[in-house]
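Listed below are the residues making up each chain.
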Amino acid sequence: MVLKIIDIIFSGMIGYVIDTLYHNWQYLLISILIAVGLAVYINPAKLKSLFLRRSKLMIFSSVGFGAFACLYDCRTRHQPRRPGRPEPDR
């Protein structure tokens, strides 16, 4: 009985993770490439000094990043569900 419940729970979680990755792989790939590019090609000390010298650039870039993050979050939360799959509790 307990093993059956655990099997149901894990199969639902694994299916949901696979479904989410299927719908969002493009965004994840772009995010990974941007993160790798930033880590390899940008010196954090130079970026910090650039932002400290140009505060308007820092403000606009942080607002733009916040707007992009909101759009990404809204995109991932409202994925169409496949027929027969219940909507997960949030």
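Above this text you will find the structure in question.
Bear in mind that the values here come from a model prediction, so they are computed numbers and not experimental data.

Calculation criteria
Every chain begins its residue count from 1, and numbering advances along the sequence as written. Side-chain atom pairs in this predicted model are given and counted only at pLDDT of 80 or more, local residue features only at pLDDT of at least 70, and totals for whole chains, interfaces and linings cover all residues. Hydrogens and water are ignored here; the side-chain numbers use all heavy atoms of the structure. A patch is a set of surface residues, each over 30% in relative accessible area and not in a salt bridge, joined within 9 Å for like charges and within 5 Å for the nonpolar side chains Val, Leu, Ile, Met, Phe, Trp and Tyr. A 1.4 Å probe and the Shrake-Rupley method give the accessible areas. Residues count as covered only by the protein chains that appear here. Any carboxyl oxygen of Asp or Glu within 4 Å of a side-chain nitrogen of Lys or Arg constitutes a salt bridge here. Counting from the N terminus, the helices are the DSSP runs of H or I reaching at least four residues and the strands are the DSSP runs of E reaching at least two. For a helix, the expected span equals 1.5 Å multiplied by the residue count minus one. By definition, a residue's bend is the angle between the axes fitted to the seven residues ending there and the seven starting there. Note on classification: 1.4 Å probe, protein chains only; a residue is buried when its accessible area is under 20% of the maximum for its type, exposed when over 50%, partly exposed between these limits.

### Observations concerning a nonpolar patch on the surface
Phase 1 of the analysis: A surface patch of nonpolar side chains, amounting to about 1100 Å² of accessible area, comprises Val17, Leu21, Leu28, Ile30, Ile32, Ile34, Val36, Leu38, Val40, Tyr41, Ile42 and Leu47.
Phase 2 of the analysis: For the nonpolar patch, the element with the highest residue contribution is helix α1 (residues 2-41), accounting for ten residues.

### Points about α1
Phase 1 of the analysis: Between its terminal C-alpha atoms α1 stretches only 51 Å, short of the 58 Å expected from 40 residues at 1.5 Å a residue.
Phase 2 of the analysis: Considering bend angle alone, the principal kink of α1 is centred on Asn24 and spans about 70 degrees.
Phase 3 of the analysis: Turning to α1, its buried residues number three or more, namely Gly15, Asp19, His23 and Asn24.

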